[in-house]
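# Observations on chain architecture
Here are the chains, one letter per residue:
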Amino acid sequence: MRRARFIPIGGFLGAGKTTLIARLARKYRDQGLGVGIVTNDQATDLVDTHMLQSEGFEVGEVAGSCFCCNFDGLTAVLAQLESRRKPDVVLVEPVGSCTDIVATVVRPLRRLYEDKFEVTPYGVILKPSHGRKILRNEPRAGFSPKAAYIFKKQLEEADFVILNRIDELQPEEVDELAGLIAGAFPGVPVVRTSAKTGAGVDAVLEILEQQGDFGRRVLDLDYDIYAEGEAELGWLNSSLRVTAPEPFSLDSLSLDIVRRMQQSLATRAAEPAHLKTIGMSGDRHAVANLVSSDTPAVLSLASDFQTRQADVIVNARVAIDPTELVEHVQTAVRVTCQSLNATAEFLQTRSFRPGRPTPTYRIMDAV
Ligand SMILES: Nc1nc2c(ncn2[C@@H]2O[C@H](COP(=O)(O)OP(=O)(O)O)[C@@H](O)[C@H]2O)c(=O)[nH]1
Ligand SMILES: [Mg+2]
């Protein structure tokens, strides 16, 4: 029986996983292949899922727990995708604060589902904004040493590292980052990409074709530090509805919420790992993102649309108390809506610190 290719793409929060997955998915679709995508989050209401669905992809979502701790949730979603239209490739995005993916996802899948899936080499994206400081071991990298520990462990288990966002970097900055990666993880192939422009994405496709002894970098991981590092992040998913008597800009709504959050979090010196919003009105979508305190908020998907009603989802992962994070979101939404002469009704808000990871499987020996 033909096996589907299972393609995990890892990396820290805001590294560019969803953007790269969307690019790879388009390439595979253009080749005539059936594509499935699996997203993952600790809670429901995930911007990534809506964004990928808006591009017409088949997306399955594991919500409420990470794959590593809910391996059966992952295989159930894989089965659903298969029953809809058997995909040739399945692109899979683990939660950006998770690590130990090789032992808890790649190896169990290889061992238990060998007849169904061929697991490709595991690529992990390096996020330059935080990565430069963390790999230089700077004392103020934006996150605590425990969160920086997770960031480094994610890269350590990669079969290849994807040095992303080269469109934003000078050539010497790219070289410096490649040197830092080579110093910290000797011998690991590094691919330089821009998921935004598409540069280097063909090189990723080539590596994914390779067969060999991949998925072998199993981590020596201290789960106490890992759990504490993850729990330092406040997590929030909110859904809300915005209405106004006169049309307002869907793009301004999505971007201004993120901008205002960036400003207010800066007053608390709370480092954002990733803030994102999606504004949805009919089949129109606007997506805004912020990936660190020292980079600007961007409108990554423009709708150029004016509307009187929009559904909005806000996802925030920030080094701050989750209760306080709720206040920042509510204030940013309220002030943004006032400026657009609109009102917001919050439908659902979940905010929490991720719990201690307890993997379903952890396979340490070679598969
Ligand atoms: N300039 C630039 N922006 C990127 C690139 N890759 C991703 N982004 C942006 O970075 C933000 C976070 O990307 P996303 O794919 O959601 O990250 P994820 O959290 O790892 O899934 C979005 O605004 C993307 O548009 C890139 O190569 N260059
Ligand atoms: Mg994502």
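So, here's what we can say about the structure. Counting restarts for each chain, with residues numbered from 1 along the sequence as it is written. Each chain is given a letter, starting from A, and each ligand a number, starting from 1, according to the order in which they appear as written. Under the rules for a predicted model, residues below a pLDDT of 70 receive no local features and side-chain atom pairs below 80 are neither given nor counted, while totals for whole chains, interfaces and linings still include all residues. Excluding hydrogens and water, the side-chain figures rest on all heavy atoms present in the structure.

### Observations regarding the nonpolar core
- With 56 residues, the main nonpolar core has Phe-6, Val-38 and Leu-126 as its most contacted residues.
- Note on contacts: a residue pair is in contact if any heavy atoms of the two residues lie within 4.5 Å. In contact with Val-38, other than residues within four places in its own chain, are Gly-60, Val-62, Phe-67, Leu-74, Val-77, Leu-78, Leu-81, Val-90, Leu-91, Val-92 and Glu-93.
- Buried Ala, Val, Leu, Ile, Met, Phe, Trp, Tyr and Cys residues that are joined via side-chain atoms within 4.5 Å together make up what is termed a nonpolar core. For every residue, the accessible area (1.4 Å probe, protein chains only) is compared with the maximum for its type, and the residue is labelled buried under 20%, exposed over 50%, or partly exposed between those bounds. Among the nonpolar cores identified, the runner-up in size contains 32 residues, and Met-261, Ile-320, Val-329 and Leu-340 belong to it.

### A short note on the packing of helix 5 (residues 128-135) against helix 7 (residues 171-184)
- Look at helix 5 against helix 7: their axes get within 10 Å of each other, and the N-to-C directions meet at 50°. With respect to each other, helix 5 and helix 7 are oriented oblique. The handedness of the crossing between helix 5 and helix 7 is left-handed. Contacts from Pro-128, Arg-132 and Leu-135 in helix 5 reach Glu-173, Glu-176, Leu-177, Leu-180, Ile-181 and Ala-184 in helix 7.
- Any residue that is not Ala, Val, Leu, Ile, Met, Phe, Trp, Tyr, Cys, Pro, Asp, Glu, Lys or Arg is counted as polar, Gly included; the first ten are nonpolar and the last four charged. When its residues are assigned to classes, the contact of helix 5 with helix 7 shows six nonpolar, no polar and three charged. The angle between two axes is taken between their N-to-C directions and runs from 0 to 180 degrees, where each axis is a line fitted to C-alpha atoms and a helix contributes only its stretch in contact. Starting at the N terminus, helices and strands are each numbered in turn, a helix being any DSSP run of H or I of at least four residues and a strand any DSSP run of E of at least two. Every angle not falling under 35 degrees, over 145, or within 65 to 115 is termed oblique; those three ranges are roughly parallel, roughly antiparallel and roughly perpendicular. Crossings are assigned a handedness: left-handed for a near helix turned anticlockwise from the far helix by less than a right angle, right-handed for a clockwise turn.

### Thoughts on the sheet that holds strand 12 (residues 298-301)
- The sheet built from six strands is open, its strands ordered 12-11-10-13-9-14 with antiparallel pairing. Only two strands of the sheet have a single neighbouring strand rather than two, namely strand 12 and strand 14 (343-352). Taken pair by pair, the neighbouring strands of this sheet meet at an average axis angle of 20°, ignoring direction.
- Two strands are counted as paired when DSSP detects at least two bridges linking them. Pairing geometry for strand 11 (residues 284-290) and strand 12, over three bridges, is antiparallel. When the sheet's bridge partners are listed, Asn-289 is paired in strand 12 with Val-298.

### Brief notes about unusual backbone geometry
- You will see that Asp-100, though not glycine, has its phi angle at about 70°, which is positive.
- Relative to the elements of secondary structure, Asp-100 occurs in the loop between strand 4 (89-92) and helix 4 (101-112).

### Section: the packing of aromatic side chains
- The criterion for an aromatic pair is that two Phe, Tyr or Trp rings (for Trp, the six-membered ring) have centres within 6.5 Å, with stacked assigned to planes under 30 degrees apart, edge-to-face to planes over 60 apart and tilted to the rest. Taken as a whole, this structure holds seven aromatic pairs when the rule is applied.
- Their ring planes at 50° and their centres at 5.2 Å tell us that Phe-12 and Phe-151 sit as a pair that is tilted. Remark: Phe-151 occurs in helix 6 (residues 145-156) and Phe-12 occurs in the loop between strand 1 (4-11) and helix 1 (17-30); sequence separation between them is 139 residues. Exposure class is identical for Phe-12 and Phe-151. Each is buried.

### What to know about the environment of Met-364
- By secondary structure assignment, the location of Met-364 is in the segment after strand 14.
- It is 9.4 Å that separates the C-alpha atoms of Met-364 and Asp-220, two residues lying 144 residues apart in sequence.
- For Met-364, the residues in contact, after removing those within four places along its chain, are Ala-103, Arg-107, Val-218 and Leu-219.

### Remarks on helix 9 (residues 223-231)
- Residues of helix 9 that are buried: Tyr-223, Tyr-226, Ala-227, Gly-229 and Glu-230. Along the axis of helix 9, the buried positions cluster into a sector of 165°, meaning they face one direction only.
- Structurally, helix 9 contributes buried residues whose contacts are with helix 4 and helix 6.
- Two N or O atoms count as a polar contact when they lie within 3.5 Å, although within protein this holds only if one can serve as hydrogen donor and the other as acceptor, and sequence-adjacent residues are included solely when both atoms are side-chain atoms. The backbone nitrogen of Asp-224 lies 2.8 Å from a side-chain oxygen of the residue at the head of helix 9, namely Asp-222. Taken from the helix axis, the directions to the C-beta atoms give the arc we talk about.

### Remarks on the site of ligand 1
- Throughout, the term near means that a residue has one or more heavy atoms lying within 4 Å of the molecule or strand in question. The environment of ligand 1 is formed by 21 residues, the closest being Lys-17, Thr-18, Thr-19, Arg-165 and Asp-167.
- One nitrogen or oxygen atom from the main chain of Gly-16 is found 2.9 Å from an oxygen atom belonging to ligand 1.
- Taking Lys-196, its main chain carries an N or O atom lying 3.3 Å from an oxygen atom of ligand 1.
- In this analysis the probe radius is 1.4 Å and the grid spacing 1 Å, with only protein atoms considered; a cavity is a set of points the probe fits into but cannot get out of, a pocket is an open set with protein on both sides within 12 Å along at least five of seven lines, and lining residues have an atom within 4 Å of a point. More than half of a molecule's atoms lying within 2 Å of a cavity's or pocket's grid points is what places that molecule inside it. Applying the majority rule of atoms within 2 Å of the grid points places ligand 1 in the largest pocket.
- When residues of the shell around ligand 1 are traced back to their parent elements, those giving at least two are helix 1 and strand 12.
- Considering only residue class, the shell around ligand 1 consists of six nonpolar, nine polar and six charged.

### Thoughts on the coordination of the magnesium ion (ligand 2)
- The rule for donors is simple: N, O or S, within 2.8 Å of the metal, or within 3.2 Å if the metal is Na, K or Ca. Water isn't counted, so a site may look like it is missing partners. Looking at the magnesium ion (ligand 2), one finds its protein donor set to be Thr-18 (OG1), Asp-48 (OD) and Glu-93 (OE), positioned 2.1 Å from the metal centre.
- Taken in chain order, the donor set of the magnesium ion (ligand 2) reads T-x29-D-x44-E. Linking Thr-18 in helix 1 with Asp-48 in helix 2 (residues 47-54), this pair joins segments that are 30 residues apart in sequence.

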